[in-house]
Amino acid sequence: MARRLSHGWPTIALYGGALALGTAALQWLDYQRMVRSNSDDVVIFVIALAFLALGVFAGVRLLPRTWPRAFDGNPAGREALGISPREYEVLLELAAGRSNKEIARALGVSPNTVKTHVARLYAKLKATRRTDAVAKARALGIVR
């Protein structure tokens with residue numbers, strides 16, 4: 001027959017509590033040692049945080065807030081070049097990298113009509129290729 005322990009649950013709980021308090025005391029002493037040995041690092045960290053906060057505050061208060069303007073397609077530039085609204089739609093599709101057939105499908109016109117618009121855009125932008133036309137339109141702020 002198994003021998004019964006003479007200690008009950010209250011004794012085991014007392015020993016467990018004493019071990020937990022001892023462990024907590026050791027952790028506290030280790031923490032105190034770490035703080036004392038690294039006190040210079042803590043001071044430097046606090047100073048760095050203060051300068052960070054000062055920099056953020058100064059940046060928010062002193063630097064002007066400039067919001068990007070909404071892209072409008074430079075209507076004055078389009079008007080100066082004589083680009084019609086339909087040619088502008090074709091130019092936007094060219095800038096998106098679409099072919100004449102894709103542009104014709106998207107705009108609901110024939111591929112020959114797209115070719116005519118592209119030829120007029122070349123003449124107005126003084127370009128010889130699609131990439132030149134798009135690059136010049138981007139430089140003028142007509143397309144993104």
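Please refer to the structure higher up on the page.
Residues numbered from 1 in each chain as written. Predicted model: local features only at pLDDT ≥ 70, side-chain atom pairs only at ≥ 80, totals over all residues. Heavy atoms only, no water.

**A closer look at the overall build of the protein**
Item 1. The helix and strand tally for the protein stands at seven helices and zero strands.
Item 2. Along the protein, from the amino end to the carboxyl end, the secondary structure elements read α-α-α-α-α-α-α.
Item 3. Over its C-alpha trace the protein gives a radius of gyration of 38 Å, far above what one expects of a compact globule, namely 15 Å for 144 residues.
Item 4. Taking the principal axes of its C-alpha atoms as reference, the protein extends roughly 105 × 60 × 20 Å.
Item 5. By residue count, 18% of the 144 residues in the protein fall in the buried class.
Item 6. Restricting to contacts in the protein with at least 6 residues of sequence separation, those with at least 24 account for 59%.
Item 7. If you sum the accessible surface of the protein, you get close to 11,500 Å²; carbon and sulfur atoms cover 64% of it.
Item 8. One finds the centroid of the 21 positive side-chain charges in the protein at a distance of 5 Å from the centroid of its 10 negative side-chain charges. (Helix = DSSP H or I, 4+ residues; strand = E, 2+ residues; numbered from the N terminus. Rg over C-alpha atoms; globule rule 2.2 N^0.38 Å. Buried < 20%, exposed > 50% of the residue type's maximum accessible area, 1.4 Å probe, protein only. Contact = heavy atoms within 4.5 Å. Areas by Shrake-Rupley, 256 points an atom, 1.4 Å probe, with all protein chains shown as cover. Lys, Arg positive; Asp, Glu negative; His and termini not counted. Charge placed at Lys NZ, Arg CZ, Asp CG, Glu CD.)

**Re the pattern of salt bridges**
Opposite charge on two side chains permits them to pair, given that their charged atoms come into close proximity.
Item 1. Summed over all chains, the structure comprises five salt bridges.
Item 2. Where R129 meets D132, a salt bridge forms, and the shortest distance between an N and an O atom there is 3.3 Å. (Salt bridge = Lys/Arg side-chain N within 4 Å of Asp/Glu carboxyl O.)

**Some points on the side chain of E93**
Item 1. By the element assignment, E93 lies in helix α4 (residues 85-95).
Item 2. Once residues within four sequence positions are removed from consideration, E93 is found in contact with R98, I103 and A106.

**A closer look at helix α7 (residues 130-139)**
Item 1. Of all the positions in α7, only A133, V134 and A137 are classed as buried. For α7, the angular spread of buried residues about the axis comes to 95°, placing them on one side. Facing away from the buried surface of α7 by more than 90 degrees, the exposed residues are T131 and A139.
Item 2. Those residues of α7 that are buried are in contact with α4 and α6 (111-125).
Item 3. Looking one or two residues past α7, G141 carries a phi angle of roughly 80°, positive in sign. (Arc of directions from axis to C-beta.)

**Considerations on unusual backbone geometry**
Item 1. Of note in the backbone geometry, N74 takes a positive phi value of approximately 45° without being a glycine.
Item 2. As for its position among the elements, N74 is in the loop between α2 (39-62) and α3 (75-81).
Item 3. Unlike most non-glycine residues, K126 shows phi in positive territory, near 55°.
Item 4. Along the chain, K126 turns up in the loop between α6 and α7.

**Let's talk about the environment of K115**
Item 1. Relative to the helices and strands, K115 resides in helix α6.
Item 2. Linking K115 and L140, residues 25 residues apart in sequence, is a C-alpha distance of 22 Å.

**Overview of the nonpolar core**
Item 1. In this structure, V90, L91, L94 and I142 are the most contacted members of the largest nonpolar core, which totals 18 residues.
Item 2. Secondary-structure elements contributing two or more residues to this core are α4, α5 (100-107), α6 and α7.
Item 3. Each residue touching V90, except ones within four places of it in the same chain, is listed here: I103, L107, H117, V118 and L121. (Core = buried A, V, L, I, M, F, W, Y, C linked by side-chain atoms within 4.5 Å.)

Keep in mind these values describe shape, not function.
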